[in-house]
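Overview (structure and organization)
Each chain is listed here by its residues.
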Amino acid sequence: MPGSRDGLLEAGRVGAGHAPTFFDFDGTLADTNLVHVYAFYARHCGRLSSVAGRLANLAVLAPTFHLLDAYHRVDFARALFGLYRGMSRDRLERLSEDLYAQVIEPRLMTYTAAFLETAREHGPLVLVTGAPDFSVAPFVRRFGFEGAIATRLEFRDGMATGRMLEPVVFGSNKGRLIREYAAARGWDLEEARAYADSASDQAMLGVVGRAGVVNPTTRLARIARDYGWQILRLE
Amino acid sequence: MTKERTPTEAAAQPSAAPPGHARTIVHIDKRSAKRIVWYGDGFMHERLPVGTRVIYPPQPLKGLPDPDRAIRQALVRPEGGDPLHARLRPGMRVTIALDDISVPLPQMVRPDARERVLGILIPLLHDHGVDDIHLIVATCFHRRMTPGEIRRMVGERVYKEFWPDRLYNHDGEDRANMVSLGKTRHGEEVTINRRAAESDLVIYVNINLVPMDGGHKSVGVGLCGYRTLQAHHTPQAILDSDSYMDPDHSELHHSVNRIGKVVDQQLPVFHIETALNNRMYGETLSFLGKNEDTFTDLDRAKFAATQATLSRLSPALRREFLQRVPSPYEVIGVHAGTTEACHAPILDACFRQYAVDVRGQADILIMGIPFISPYNVNSTLNPLLVQVLALGYLHNLYRGRPLLKKGGTLIVCHPLHDDFNAEHHPSYVEFFHRLLPETRDSFELQKHYEERFATDPGYIAMYRKGYAYHGVHPFYMWYWGENGRKHVGRVIAAGCQQPYVAERMGWEWSSTLTEALDMARESHGRDPEITMLHFPPLGLCDVSA
């Protein structure tokens, strides 16, 4: 058949269970963002004075964060994660189940469970997110993800320093980290899928054989059309 | 199909066909007026070659004088089995399944026939102590209907009482809510909606727009999933159908009937089937169903005004304008009861409305393609849907033999824009732009790609949680043109504005209808038999030699 050398026919023969799927989290599977997560931890960080101080600090910095997020996502993340300084790893990890129950679960998209269920039939699921690893751990466990590529905070003597460990899981790094993750497991990324909602996730979407953007902005939808990515309009 | 009719049925019968049936075929001569040819969301206005045969649909049959009374009588005196009220008992679990937005086309003036039926049916159920009622829109793998579309279809009262918990769209990918009823003797898998399968009574309310609809197809297809569709939504089933608008000669229907019989063996199913006339146009656009030689000055003025209005609108507004004008269809038949017994008289009513006797096939067939198909209500008629209208639906609207001779030339009048609705038809885009350049062979497409599209998580998510047709749907659209594709020698897209679109589907193209006719004559000599199908409104050709 003409054209089969281009690989389309080969792709068509891929069987179920061999194609990993990489999912972005915030905005794709849950209507959450990094501020939601930090605000929860700030409310539960211990002494009342500390809680008040952290929340007041967050309120004061909110406009700055908003601008930074629009301007440069990594700088925004650095600034926000700086607020974790002084929180104990033990508390962050222990509270993650409460974070899931109180913040994340109510904000999961209505389509999330069904979408993940279908994707899982094709192969392992991997979460790729700029959110701190401890914050998404309960979600990863509940929905049977094979693993997660998530931001890691630096801890010294069990306390957060407010710095992120390299590599940060944002922008172009997401693409590189997915490649490394897949290579370590012998996965062929041509068979893999990825779904995300943000223009900053282009690198992540670009490294897999089949990509989709979820409820994209007009700009991202235009990019998706140019690259031939799926455009998923979901309720 | 003939049987003695009860007084109730007689009351539900339409009047005899008007004399308009005799004028359904016109031959063009030197004095003939130009013909109006549908051209997407506009028209061509063409002088056809002398001798061209123009086939018009029959005039609309007279609607029932009192459709509500006919519905009540149908429930009391069903075809086969007990009256509905005798099947009811307090506390029973009832599921009402409804045809979706794909019928009728365009949407009908309110009240929709389904609203009429529900308005009588639901109080009847309540009166008998039946309150565990779910209404399921039997979308199969069509897109979900929006809340607004459902509200318009079922009416305000039913919508307020049942939406959203007990009135919802079928989801053929919701594994937890699909159950297997086993296999047919041919090994066809029968899976259907769990709520329906676990009900004490399933009531299906349909609109039989074309003879392909209704009968076992209602539950057996409307509420099924992929493994069941795989039995008959295949290129081979379509090739073996002659035609699929003629259920007795349709392999598609043979398979669907086997599946439906398994359903009927395991579930108590009560059908309420309705047939409509073909009054597609209201007073404003009624000229579109008329022989142009009989146009009055008012008709000509209306046509000029319509053309002027459409030409001033953007493509999106033209679509909106045309799709938002509801059709004043009238109910010409209502029958209820067991699947086959109730479907037979409805099929009779359909054929009585649509059938046109045609003697002799054509060398060249001209089809105007309108703005709408079953799969683009409130959406775009993309190239694959133009294809399924031309080589699928309109080609198959025959009994006996196709209107076009084997190897004949089909001229399809449509601008053929590379225009897809990304929300409704996302997998069509990939099918058209990635698969068709690889192959147009339905069997190759089925073998290598169908399963991949059918199981794609993104497409499934869009079908289940968005408003997209299922990922596999464009394959079905392509398959459904298979017997047309194998029968027709050449397809020429007349007035094609994006030639690569035509070429991708294996069609030739021309700028005008005249040019297309010249091209066609190259294959059929100087004096070919040319026929124009002046549809819609719909008709069906009973073609003899």
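What counts and what doesn't
Residues numbered from 1 in each chain as written. Chains lettered and ligands numbered in written order. Predicted model: local features only at pLDDT ≥ 70, side-chain atom pairs only at ≥ 80, totals over all residues. Heavy atoms only, no water. Helix = DSSP H or I, 4+ residues; strand = E, 2+ residues; numbered from the N terminus. Rg over C-alpha atoms; globule rule 2.2 N^0.38 Å. Buried < 20%, exposed > 50% of the residue type's maximum accessible area, 1.4 Å probe, protein only. Contact = heavy atoms within 4.5 Å. Areas by Shrake-Rupley, 256 points an atom, 1.4 Å probe, with all protein chains shown as cover. Lys, Arg positive; Asp, Glu negative; His and termini not counted. Charge placed at Lys NZ, Arg CZ, Asp CG, Glu CD. Core = buried A, V, L, I, M, F, W, Y, C linked by side-chain atoms within 4.5 Å. Arc of directions from axis to C-beta. Salt bridge = Lys/Arg side-chain N within 4 Å of Asp/Glu carboxyl O. Phe/Tyr/Trp six-rings, centres within 6.5 Å; stacked < 30°, edge-to-face > 60°. Lys NZ or Arg CZ within 6 Å of the ring centre and 35° of its normal. Pairing = 2+ DSSP bridges. Axes fitted to C-alpha atoms, helices over the stretch in contact; angles between N-to-C directions. Buried area = accessible area lost by both parts, 1.4 Å probe. Polar contact = N/O pair within 3.5 Å; in protein donor to acceptor, adjacent residues only side chain to side chain. Nonpolar A, V, L, I, M, F, W, Y, C, P; charged D, E, K, R; others polar. Right-handed = clockwise from strand over helix to strand, strands pointing away. Parallel < 35°, antiparallel > 145°, perpendicular 65-115°, else oblique. Left-handed = near helix turned anticlockwise from the far one by under 90°.

Considerations on the overall build of chain A
Counting secondary structure elements, chain A contains 11 helices and 8 strands. Relative to the compact-globule value of 18 Å for 235 residues, chain A shows a C-alpha radius of gyration of 19 Å, a close match. Across its three principal axes, chain A shows a C-alpha extent of roughly 70 × 35 × 30 Å. Residue burial in chain A is summarised as follows: out of 235 residues, 51% are buried. Relative to all contacts within chain A whose residues are 6 or more apart in sequence, the contacts with residues 24 or more apart total 59%. A total of about 10900 Å² of accessible surface is found on chain A, and carbon and sulfur atoms cover 50% of it. Averaging the locations of the 28 positively and 27 negatively charged side chains of chain A gives two centres separated by 5 Å.

A closer look at the nonpolar core
Among the nonpolar cores identified, the biggest contains 194 residues, and Tyr84(A), Ile96(B), Ile203(B) and Trp507(B) are the most heavily contacted of them. It is helix α15 (residues 383-396) of chain B that contributes the most residues to this core, 9 residues altogether. Sequence-distant contacts of Tyr84(A), that is, excluding residues within four places in its chain, are made with Val37(A), Tyr38(A), Tyr41(A), Arg54(A), Leu92(A), Pro132(A), Phe134(A), Leu153(A) and Ala160(A). Core analysis: the next-biggest nonpolar cluster, separate from the first, contains 27 residues, Leu177(A), Trp187(A), Met204(A) and Leu205(A) among them.

Re helix α13 (residues 315-324) of chain B
Residues and elements named next belong to chain B. Residues of α13 that are buried include every one of Arg318, Arg319, Leu322 and Gln323, and no others. Down the axis, α13 shows its buried residues gathered within 120° of arc, on one side only. Buried residues belonging to α13 abut β2 (35-38) and α12 (297-312).

Quick notes on the pattern of salt bridges
Summed over the entire model, instances satisfying the criterion amount to 52 salt bridges over all chains. Residue Arg163(A) is joined to Glu154(A) by a salt bridge in which the shortest nitrogen-to-oxygen separation is 3.0 Å. We classify Arg163(A) as partly exposed; its relative accessible area is 42%. When the shortest N-O distance is used, the salt bridge between Arg144(B) and Glu235(A) registers 3.0 Å. Of this pair, Arg144(B) sits in the loop between β6 (132-137) and α5 (147-154) while Glu235(A) sits in the segment after β8 (230-232), placing the two residues on different chains. Accessibility expressed as a relative area gives 17% for Arg144(B), which makes it buried. When salt bridges with common partners are traced through the structure, they connect Arg193(A), Arg210(A), Glu430(B), Arg434(B), Arg452(B) and Asp456(B) into a single cluster.

A few points about the packing of aromatic side chains
What characterises a pair of aromatic rings is the spacing of the ring centres plus the angle enclosed by the ring planes. Following the criterion strictly, the structure yields 37 aromatic pairs over all chains and no others. Between Phe287(B) and Phe295(B) the ring centres are 6.1 Å apart and the planes differ by 85°, which places this aromatic pair in the edge-to-face class. Among the residues examined, Phe287(B) registers a relative accessible area of 0% and is labelled buried. An aromatic cluster is defined as three or more aromatic residues linked by ring pairs; in this entry it consists of Phe23(A), Phe25(A), Tyr111(A), Phe115(A), Phe139(A), Phe143(A), Phe145(A) and Tyr195(A). Cation over ring: Arg185(A) sits above Tyr181(A), and NZ or CZ is 3.5 Å from the ring centre. Positioned above the aromatic ring of Trp478(B) is the side chain of Arg485(B), whose terminal nitrogen or guanidinium carbon lies 4.1 Å from the ring centre.

Overview of the sheet that holds strand β12 (residues 331-337) of chain B
All names here are of chain B. In space, the 6 strands of this open sheet follow the order β7-β6-β5-β10-β11-β12, with mixed pairing throughout. Two strands in the sheet have a free side with no partner beyond their single neighbour: β7 (167-169) and β12. The sheet shows a mean angle of 20° between the axes of neighbouring strands, direction not considered. As paired elements, strand β11 (residues 269-276) and β12 share 6 bridges and run antiparallel to each other. Within the sheet, the bridge partner assigned to His271 lies in β12 and is Gly337. In this fold helix α4 (residues 113-127) packs onto β5 (93-98), β6, β10 (201-208), β11 and β12, with an angle of close to 160° to the strand it touches most, β10. Where α5 meets the sheet, its contacts fall on β5, β6 and β7, and the angle it forms with β7 comes to roughly 125°.

So, the interface of chain A and chain B
In this complex, chain A contributes 28 residues to the contact, which on the side of chain B involves 24 residues. Contact between chain A and chain B buries roughly 2300 Å² in total, counting both sides, with carbon and sulfur atoms accounting for 55%. Where chain A packs against chain B, one counts 5 salt bridges. Where chain A meets chain B, there are 9 residue pairs in polar contact (both at pLDDT 80 or more). Listing elements by their share of the side of chain A that touches chain B, those giving two or more residues are α1 (8-12), α7 (112-120), β6 (193-196) and β8 of chain A. Grouping the amino acids of the side of chain A that touches chain B by side-chain chemistry returns 13 nonpolar, 7 polar and 8 charged.

Focus on the pairing of β6(B)
Residue and element names in this part refer to chain B. Counting buried positions along β6 yields 5 of 6 residues, so the element is predominantly enclosed. With 6 bridges connecting them, β5 and β6 associate as parallel partners. In the sheet register, Ile96 faces β6, and the bridge partner there is Leu135. The parallel pair β5 and β6 is bridged by α4, and the resulting crossover is right-handed. Bridge count between β6 and β7: 3 bridges; the pairing is parallel. If you follow Val137 over to β7, its bridge partner there is Asn169.

Thoughts on the side chain of Arg195(B)
Within the secondary structure, Arg195(B) sits in helix α7 (residues 194-197). If we skip the residues at most four places from it in the chain, Arg195(B) touches Arg93(B), Val94(B), Thr95(B), Asp132(B), Ile133(B), His134(B), Ile136(B) and Tyr168(B).

With respect to the packing of helix α2 (residues 67-76) of chain B against α4(B)
All names here are of chain B. Where α2 meets α4, the closest approach of the two axes is 9 Å, and the angle between their N-to-C directions is 45°. On the basis of their axis angle, the class for α2 and α4 is oblique. Between α2 and α4 lies a crossing of right-handed hand. For the pair α2 and α4, the contacting residues are Pro67, Asp68, Ile71, Arg72 and Leu75 in the first and Arg116, Val117, Ile120 and Leu124 in the second. Looking at side-chain class alone, the contact of α2 with α4 contains 6 nonpolar, no polar and 3 charged residues.

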